[in-house]
Amino acid sequence: MSLSLQIKVREEKNIPIIDLIGEIDVYTYPQFSEVINKVIHDNHFNIIVNMENVKYIDSTGLGVLASSANKIAPNNGVMHVICAQSHIKKIFIVSGLLEKNFKLYDNEAEAISSVS
Amino acid sequence: MSLSLQIKVREEKNIPIIDLIGEIDVYTYPQFSEVINKVIHDNHFNIIVNMENVKYIDSTGLGVLASSANKIAPNNGVMHVICAQSHIKKIFIVSGLLEKNFKLYDNEAEAISSVS
Amino acid sequence: MPNDNIVVSLKVPSLAKYGGIVRDAVYGVALRAGLSVEDSEDLRLAIGEAFTNAIQYSYEEERADKHVDIICNTANGQLEVIIKDYGRGFTEEDKPESNKVGIGLGITFMQSLMDDVRIESALGKGTSIYMIKKISPKL
Amino acid sequence: MPNDNIVVSLKVPSLAKYGGIVRDAVYGVALRAGLSVEDSEDLRLAIGEAFTNAIQYSYEEERADKHVDIICNTANGQLEVIIKDYGRGFTEEDKPESNKVGIGLGITFMQSLMDDVRIESALGKGTSIYMIKKISPKL
Ligand SMILES: Nc1ncnc2c1ncn2[C@@H]1O[C@H](COP(=O)(O)OP(=O)(O)O)[C@@H](O)[C@H]1O
Ligand SMILES: Nc1ncnc2c1ncn2[C@@H]1O[C@H](COP(=O)(O)OP(=O)(O)O)[C@@H](O)[C@H]1O
């Protein structure tokens, strides 16, 4: 068990990839919010969020994603989310976010080839 | 989290290896006890117990190991235990079992080459 | 064991960082009560949402001196989990302002993931969320 | 925060299968209280031993209708964990027979891993084990 969410940002073919490891909840979402806002501030409008190692995300984490997606929408930006686990996918489906500027992928290769 | 301990038995160079995955506690030790007794009953006196994937073991699990070690002692048998994690090693050290017919290894290769 | 009434209860301070302990404990109870991994994950999220609301809305800020109670009852083929806070409470007319990150999904998630959700809230007394998940016999 | 008094409490049935929930919860509290991973693992084992004894000795058999209480108090730079059962209790002269798998290590482990262990037990009333681990400031 780790107490804090681990976040790393890297780039592949000029696309920023945010790797998240751990749990995104009412305790950790401010960290996630800070990092993603910085990426958007650097004028990136297509962002890959890698949730392969996210064990838990709830409406606070989805809230961060939704407001970030709103910010990039005017520039035709899309939030590209990698998530392999079925219970995480289910949360995205139930949330209704997939009807907005969101795309889900099973792995990183898929996401990168779709964006670039 | 898995509720039950997972146990597999295999053989390398005629030495039985018991792979344990999970937690050995007051709930799961009877399973472990059953398996190890069967191995001893089959006239194996040098036994490798692979604890690389054991997250937790307490005095109930050590009790199973100690009584099994007693059973193989008259045949000069030794209980060979693989454990990589420091908190599991510490439990063996504090228990005093290492003064009996027990040996600890960091990995499987080490254990096999020492036994065969 | 339909008449086996199992009770597990947990009390934690009203601080965000205790969410992980609450969710893991309820998830563990769910598995032991015979819920599938999938249903237990659903319960993990529903409980997480209820706990988040308790943290975000019951007091103005996080409070180490206040607490949240979580009670799990297993009986008659279902698991009931109750989350209780002792904060401001809310009614349709008198609600705390939705948190900036809130996107109105918390209660929606609970309702879509659980078999039944009942909310009891009284202004100045606090809020209790009752959630029920049926234990389906394993295939 | 030396005067922050944090209380977490957990109540589970007197059944062996709840040990994992108890250990994980106390481990989680320990990390949040500022204990190192190593000290938290030590506490996990000490608590596990106390819970095992409650299950093995407080009643003749596992009892879904009886319970074990676990209370964690963080204050004054130390974490105190209390495990309480309401079973037979024991004294030096009147102890339940050691379980077949018991090798007399339970209380020894608790004492060697914790900074302080105090046992209060009364025949017919039950046993409370008080364990203290100091929170060392992080390097
Ligand atoms: N425990 C609580 N105490 C006080 N008010 C609450 C509580 N839980 C929910 N509420 C109120 O109900 C509203 C709806 O909650 P929810 O569906 O989780 O969405 P959100 O948190 O995104 O607003 C909240 O905005 C808040 O006003
Ligand atoms: N919660 C308890 N209720 C009743 N008796 C207990 C309890 N905990 C410990 N004891 C008694 O103390 C003895 C020593 O316990 P312990 O050091 O854990 O070793 P072991 O379990 O191997 O005997 C037990 O054999 C039992 O008689």
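Refer to the preceding data block for the structure.
Below you will find a few notes about this structure. (Residues numbered from 1 in each chain as written. Chains lettered and ligands numbered in written order. Predicted model: local features only at pLDDT ≥ 70, side-chain atom pairs only at ≥ 80, totals over all residues. Heavy atoms only, no water.)

1. A closer look at the pairing of strand β4 (residues 116-122) of chain D
Residue and element names in this part refer to chain D.
Alright, step 1. Inspection of the sheet shows β4 paired to strand β5 (residues 126-134) by seven bridges, in the antiparallel sense. Residue pairing in the sheet places I119 in a bridge with I129 of β5.
Alright, step 2. Between β4 and β5, which follow one another and run antiparallel, lie three residues, and G124 among them has a positive phi close to 80 degrees. (Pairing = 2+ DSSP bridges. Helix = DSSP H or I, 4+ residues; strand = E, 2+ residues; numbered from the N terminus.)

2. Overview of the environment of N101 of chain B
Residue and element names in this part refer to chain B.
Alright, step 1. With respect to the helices and strands, the residue N101 is situated in the loop between α3 (86-95) and β5 (102-105).
Alright, step 2. For N101 and G77, which are 24 residues apart along the polypeptide, the C-alpha to C-alpha distance reads 7.3 Å.
Alright, step 3. Within the structure, N101 has its side chain in polar contact with the backbone oxygen of A69 (distance 2.9 Å). (Polar contact = N/O pair within 3.5 Å; in protein donor to acceptor, adjacent residues only side chain to side chain.)

3. Re the interface of chain A and chain C
Alright, step 1. Each partner contributes to the interface: chain A provides 20 residues, whereas chain C provides 23 residues.
Alright, step 2. Both faces combined, the contact of chain A with chain C buries some 1900 Å², and carbon together with sulfur accounts for 65% of it.
Alright, step 3. The three residues of chain A that bury the most area against chain C are V26, Y56 and S59 of chain A, which together make up 27% of that side's buried surface.
Alright, step 4. Counting every contact that joins chain A to chain C gives five salt bridges.
Alright, step 5. In this structure, K90 of chain A and D42 of chain C form a salt bridge, with 2.8 Å as the shortest nitrogen-oxygen distance. (Contact = heavy atoms within 4.5 Å. Buried area = accessible area lost by both parts, 1.4 Å probe. Salt bridge = Lys/Arg side-chain N within 4 Å of Asp/Glu carboxyl O.)

4. A word on the site of ligand 1
Residues and elements named next belong to chain C.
Alright, step 1. Residues in close proximity to ligand 1 total 15 residues, the closest being N53, Y57, P96, S98 and G104.
Alright, step 2. Between a nitrogen atom of ligand 1 and a side-chain N or O atom of D85, the distance comes to 2.8 Å.
Alright, step 3. Taking 540 Å² as the accessible area of ligand 1 by itself, protein coverage stands at 93%.
Alright, step 4. When residues of the shell around ligand 1 are traced back to their parent elements, those giving at least two are α2 (37-57) and α3 (106-113).
Alright, step 5. Take the shell around ligand 1: its biggest share by element is three residues, from α2.
Alright, step 6. Tallied by class, residues from the shell around ligand 1 come to seven nonpolar, six polar and two charged. (Near = heavy atom within 4 Å. Areas by Shrake-Rupley, 256 points an atom, 1.4 Å probe, with all protein chains shown as cover. Nonpolar A, V, L, I, M, F, W, Y, C, P; charged D, E, K, R; others polar.)

5. A few points about the sheet that holds strand β3 (residues 46-57) of chain B
All names here are of chain B.
Alright, step 1. Taken in spatial order, the five strands make up an open sheet running β1-β2-β3-β4-β5, and their pairing is mixed. Edge strands, defined here as strands with exactly one partner in the open sheet, are β1 (6-12) and β5. If you compare each strand with its neighbour and ignore which way they point, the axes differ by 25 degrees on average.
Alright, step 2. Strand direction decides the pairing type here: β1 and strand β2 (residues 15-24), joined by seven bridges, are antiparallel. Its bridge partner being in β2, R10 is matched across the sheet by I17.
Alright, step 3. Packing of helix α2 (residues 59-72) onto the sheet brings it into contact with β2, β3, β4 (78-82) and β5, and relative to β3 it is tilted by some 175 degrees. (Axes fitted to C-alpha atoms, helices over the stretch in contact; angles between N-to-C directions.)

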